[in-house]
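Report on the structure
Here is what each chain is made of, one letter per residue.
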Amino acid sequence: MAGQFITFEGPDGAGKTSVLEAVVPILREMSSKEIVVTREPGGNPISEKIRQVILDVANTAMDDRTEALLYAAARRQHIVEKIQPALAADQIVICDRFVDSSIAYQGAGRSIGETAVAQMNLFATDGLTPDLTLYLDVPSEVGIARIKQHRQTQYDRLDQEKLAFHQKVRQAYLKLAQAEPKRIQTIDATASFEAVVAQCLAVLKQHYPSLFEE
Ligand SMILES: Nc1ncnc2c1ncn2[C@@H]1O[C@H](COP(=O)(O)OP(=O)(O)OP(=O)(O)O)[C@@H](O)[C@H]1O
Ligand SMILES: Cc1cn([C@H]2C[C@H](O)[C@@H](COP(=O)(O)O)O2)c(=O)[nH]c1=O
């Protein structure tokens, strides 16, 4: 696989989507390589439909393992339709969330078990792992407050979970970052938006200096 696979991770409200909107145009300006920006769950019509089912606030009856399997199913389709073809064409794939989200949210948040969820996802990914992950770290209270303040009308089924759920998610992310310090680079996302963008660009430059060559 020739391209680069970069993921952004973090608790809800960490700022991934906003940061990507600022970082990607800068990367596109600097790099001669094609940059594909995508997200999970989603990224193609089938996976976006699965996303709607998972996040629908009406689906209160959804079993925790059903939820984990739906995320993995959406991921499989996303990999086959979009991620793998782009990497094979030597493009840079930047993805808002990937398997680490399932480990943190379903493994820890839903208490299914981080190892069980990681193993189940191997079936979906066939071992595809990001080359680099930027983990935007914020205390759960900060992330939730940001969402409440700015996105009240778009509250989804996962956003609605109690603080204790989000705290378990964050602890799992911190554990992942500690276990894989080379792949997962932690960004202090409590800083100002501009400072977070600057931190992300610095990490990308450090890992891929050629992207920043004029
Ligand atoms: N560093 C920051 N400081 C203060 N507010 C921020 C910062 N970064 C993002 N925000 C604001 O927080 C809110 C949530 O940001 P955003 O939607 O980008 O987060 P996210 O990580 O993509 O969340 P989710 O995973 O829940 O979709 C937005 O209103 C955004 O403007
Ligand atoms: C990929 C993935 C996502 N989630 C959760 C995390 C969020 O609460 C929602 C949707 O993500 P977005 O960042 O708001 O677009 O889904 C999850 O629980 N497990 C996963 O694998």
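Small disclaimer: the values here were computed from a predicted structure and weren't measured.

Rules used in this analysis
- Residues numbered from 1 in each chain as written.
- Chains lettered and ligands numbered in written order.
- Predicted model: local features only at pLDDT ≥ 70, side-chain atom pairs only at ≥ 80, totals over all residues.
- Helix = DSSP H or I, 4+ residues; strand = E, 2+ residues; numbered from the N terminus.
- Rg over C-alpha atoms; globule rule 2.2 N^0.38 Å.
- Buried ≥ 20, exposed ≤ 12 C-beta atoms within 10 Å, placed from the backbone.
- Contact = placed C-beta atoms within 7 Å.
- UniProt positions renumbered as here; feature names shortened; annotations may be inferred.
- Near = placed C-beta within 6 Å.
- Nonpolar A, V, L, I, M, F, W, Y, C, P; charged D, E, K, R; others polar.
- Pairing = 2+ DSSP bridges.
- Axes fitted to C-alpha atoms, helices over the stretch in contact; angles between N-to-C directions.
- Parallel < 35°, antiparallel > 145°, perpendicular 65-115°, else oblique.
- Left-handed = near helix turned anticlockwise from the far one by under 90°.
- Core = buried A, V, L, I, M, F, W, Y, C linked by C-beta atoms within 7 Å.

Quick look at the overall build of the protein chain now. Check the secondary structure of the protein chain and you find eight helices and five strands. Its helices and strands in sequence order give the protein chain the pattern β-α-β-α-α-β-α-α-β-α-α-β-α, from N to C terminus. At 16 Å, the protein chain has a C-alpha radius of gyration in line with the 17 Å of a compact globule built from 214 residues. Here the C-alpha coordinates of the protein chain stretch approximately 50 × 35 × 35 Å along the principal axes. Scored against the burial criterion, the 214 residues of the protein chain give a buried share of 37%. For the protein chain, long-range pairs separated by at least 24 residues make up 79% of all intrachain contacts whose partners lie at least 6 apart in sequence.

The next subject is the UniProt feature "binding site: ATP" (unreviewed entry) in the protein chain. Listed under "binding site: ATP" (unreviewed entry) in the UniProt record, and renumbered for this structure, are G10, P11, D12, G13, A14, G15, K16 and T17. Position of D12 relative to the elements: it lies in the loop between β1 (4-9) and α1 (16-30). Relative to the elements of secondary structure, G13 occurs in the loop between β1 and α1. On the neighbour-count criterion, G13 (24 C-beta atoms within 10 Å) is buried. If near-sequence neighbours (up to four positions away) are discounted, G13 is found in contact with V138, G143, I144, R146 and I147.

Lining the immediate environment of ligand 1, one finds 16 residues, of which D12, G15, T17, S18 and H150 sit closest. Elements represented by at least two residues in the shell around ligand 1 include exactly α1, α6 (140-150) and α8 (193-207). Broken down by class, the residue content of the shell around ligand 1 amounts to five nonpolar, seven polar and four charged.

Now for the pairing of strand β4 (residues 132-137). When β1 meets β4, the two strands line up parallel, connected through four bridges. Within β4, the residue paired with T7 across the bridge is T133.

Attention shifts here to the site of ligand 2. Contacts to ligand 2 come from D12, R39, E40, P41, Y71, R97, S101, S102, Y105, Q106, L158 and D159. The leading source of residues in the shell around ligand 2 is helix α4 (residues 99-109), at four residues. Among the residues forming the shell around ligand 2, the class breakdown is four nonpolar, three polar and five charged.

Where α4 meets helix α5 (residues 114-125), the closest approach of the two axes is 8 Å, and the angle between their N-to-C directions is 140°. When the axes of α4 and α5 are compared, the pair comes out oblique. Crossing geometry of α4 relative to α5 is assigned as right-handed. Contacts between α4 and α5 involve V99, S102, I103, Q106, G107 and A108 from the first element and E114, A116, V117, A118, N121 and T125 from the second.

Within the largest apolar cluster, 46 residues are counted, with the highest numbers of intra-cluster contacts made by V93, A104, L136 and C200. Per-element tally for this core: the top contributor is helix α3 (residues 64-88), with eight residues.

In this chain, E40 is followed by P41 through a cis amide linkage whose omega measures -10°. Summarising the element assignment, P41 is placed in the loop between β2 (35-39) and α2 (45-55). Despite not being glycine, R97 has its phi angle at roughly 85°, a positive value. You can see R97 is positioned in the loop between β3 (92-96) and α4. With 22 C-beta atoms counted inside 10 Å, the residue R97 sits in the buried group.

Moving on: the sheet that holds β2. If you walk across this open sheet you meet the five strands as β2-β3-β1-β4-β5, and the pairing is parallel. Edge strands, defined here as strands with exactly one partner in the open sheet, are β2 and β5 (184-188). In this sheet, neighbouring strand axes are inclined to one another by 20° on average, regardless of whether the strands run parallel or antiparallel. Seen against the sheet, helix α7 (residues 163-179) touches β1, β4 and β5 and runs at an angle of roughly 130° to β5.

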